[in-house]
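Report on the structure
This is what each chain is made of:
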Amino acid sequence: MNSLLYSILRKFELIAKPTAVYAHCDVPCGIYETDTVRHGVETVKSMTDKLAALQGKSDISTLNAIARMAATKEEWAQRVKNELLILWTDYFRPEHLQKWPNLHERVWKAAKLCSDVKRTVDSQKVAELSAAVDEIAGIFAETKK
Amino acid sequence: MAASFLPFSVHTVRGHSMQPTINDGERVVVLRWAYLFSAPKAGDVVVFKGSDGKDYAKRVSAAVKNEFFVKGDNEKDSRDSRSFGAVKKTSVVGKVVMTY
């Protein structure tokens, strides 16, 4: 950082002492969202489609692109899994299970599909994951009504 | 205490949920007038007043009307960051414009 600016800010701190702002998370309120999982599935779908389109090509540029796309697919599939598990363990409550008795199984299957889409380049598996995520997001939306 | 009449204020960040953007102990400059004529948008790092009265630094992940969802940048802390409620615009102190 510009040393002059740093010096000015340090002098400013003598007049107005910095107060603490917290970047840890101890505010218990309970707001969750499903946008991230939907976005993640869309990313996985896009990467899967692009990878499938490159089948049979082996020039170095294509290999590089394949590596990057596979890494992105891997990353976002894992994010989807993480987000689903957060909803499962932290958001859904016993009363939700009473209303949707197969909720555990749905999340479990969706999480397994996240692993499947990482391991494969299979648009059918991605479609199954998308449907599973939509179902869970639908349940989530219902709980908000 | 911070001089709240000024257009900006400086703060020390405590905690790890905004890593790697902001590390524990780093200072931030907050532009308190950033949202006088506009609303926070997704991607902004904001300081807001939590329901417990403390100030928190988080990144806006989504905005719905005058409420905002916030998250920490630290993926490992994402479980905890989801425990924040929607933040109202009136609770936003300002926008983080610099770390040092």
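One can find the structure itself at the top, above this paragraph.
Residues numbered from 1 in each chain as written. Chains lettered and ligands numbered in written order. Predicted model: local features only at pLDDT ≥ 70, side-chain atom pairs only at ≥ 80, totals over all residues. Heavy atoms only, no water.

Okay, the overall build of chain A next. Secondary structure summary: chain A contains six helices and one strand in total. The linear arrangement of helices and strands in chain A, starting from the amino end, is α-β-α-α-α-α-α. Across the 145 residues of chain A, 38% fall into the buried class. Counting contacts in chain A only where the partners sit at least 6 residues apart, residues at least 24 apart contribute 74% of the total. For chain A, the exposed surface amounts to about 8,400 Å²; the carbon and sulfur share of it is 56%. (Helix = DSSP H or I, 4+ residues; strand = E, 2+ residues; numbered from the N terminus. Buried < 20%, exposed > 50% of the residue type's maximum accessible area, 1.4 Å probe, protein only. Contact = heavy atoms within 4.5 Å. Areas by Shrake-Rupley, 256 points an atom, 1.4 Å probe, with all protein chains shown as cover.)

Broken down by element type, chain B carries one helix and seven strands. Taking all 100 residues of chain B together, 47% fall into the buried category. Within chain B, residue pairs in contact and separated by at least 24 positions form 48% of the contacts whose partners lie at least 6 positions apart. As displayed, chain B has an accessible area near 4,900 Å², and 55% of this comes from carbon and sulfur atoms.

Where nonpolar side chains cluster on the molecular surface, the patch consists of L31, W33, L36, F37 and V97 of chain B and spans about 580 Å² of accessible area. Structurally, the position occupied by V97 of chain B is in strand β7 (residues 92-99). (Patch = residues over 30% accessible without salt bridge, like charges linked within 9 Å, V, L, I, M, F, W, Y side chains within 5 Å. Salt bridge = Lys/Arg side-chain N within 4 Å of Asp/Glu carboxyl O.)

Residue and element names in this part refer to chain A. For the pair helix α3 (residues 60-91) and helix α5 (residues 103-119), interaxial distance at closest approach is 8 Å and the crossing angle is 170°. By the angle class used here, α3 and α5 are roughly antiparallel. Together, K73, E74, A77, Q78, V80, K81, L84, L85 and W88 of α3 and H104, V107, A110, A111, C114, S115, V117 and K118 of α5 make up the contact between the two elements. Its residues placed into classes, the contact of α3 with α5 shows 10 nonpolar, three polar and four charged. (Axes fitted to C-alpha atoms, helices over the stretch in contact; angles between N-to-C directions. Parallel < 35°, antiparallel > 145°, perpendicular 65-115°, else oblique. Nonpolar A, V, L, I, M, F, W, Y, C, P; charged D, E, K, R; others polar.)

This next bit is on helix α1 (residues 3-15) of chain A. Under the 1.5 Å per step criterion, the end-to-end length of α1 of chain A is 19 Å for 13 residues, consistent within 8% with the ideal 18 Å. Residues of α1 of chain A that are buried include every one of L9, F12 and E13 of chain A, and no others. Angular distribution of buried residues about the axis of α1 of chain A spans 105°; they occupy a single face of the element. Across from the buried face of α1 of chain A, at angles greater than 90 degrees, the exposed residues are S3, L4, K11, L14 and I15 of chain A. On its buried side, α1 of chain A packs onto β1 (8-14), β2 (27-31) and β7 of chain B. (Expected span 1.5 Å × (residues − 1). Arc of directions from axis to C-beta.)

In this section: the nonpolar core. Residues V80, L84, F92, L129 and V133 of chain A are the most contacted members of the largest nonpolar core, which totals 26 residues. Contributions of two or more residues to this core are made by α2 (35-53), α3, α5 and α6 (123-143) of chain A. With residues near it in sequence (within four places) discarded, L84 of chain A still touches V37, V107, A110, A111, C114, V133 and I136 of chain A. In terms of nonpolar packing, the next biggest core, distinct from the first, is built from 12 residues, V28, V45, V47 and V93 of chain B among them. (Core = buried A, V, L, I, M, F, W, Y, C linked by side-chain atoms within 4.5 Å.)

This next bit is on the environment of R32 of chain B. Residue and element names in this part refer to chain B. Tracing the backbone through its elements, the reader meets R32 in the loop between β2 and β3 (45-49). Of the residues examined, R32 reaches a relative accessible area of 21% and is grouped as partly exposed. The spatial distance from the C-alpha of R32 to the C-alpha of V97 is 9.9 Å, given a sequence separation of 65 residues. Side chain to side chain, R32 and S9 meet in a polar contact 2.8 Å long. (Polar contact = N/O pair within 3.5 Å; in protein donor to acceptor, adjacent residues only side chain to side chain.)

This paragraph deals with the pairing of β7 of chain B. As a general feature of sheets, a regular strand has side chains that alternate between the two faces. Pairing of β2 of chain B with β7 of chain B, which is carried by four bridges, proceeds in the antiparallel orientation. Bridging from a neighbouring strand, V28 of chain B pairs with T99 of chain B of β7 of chain B. (Pairing = 2+ DSSP bridges.)

Below, the discussion takes up the side chain of D55 of chain B. Along the chain, D55 of chain B turns up in strand β4 (residues 55-64). Under the relative-accessibility criterion, D55 of chain B is labelled buried at 13%. At 3.0 Å, the side chain of D55 of chain B and the side chain of K49 of chain B are in polar contact. Leaving out residues up to four positions away in the same chain, D55 of chain B has contacts with A20, V21 and Y22 of chain A together with V47, F48, K49 and V93 of chain B.

Remember, this is a structural readout, not a statement about activity or role.
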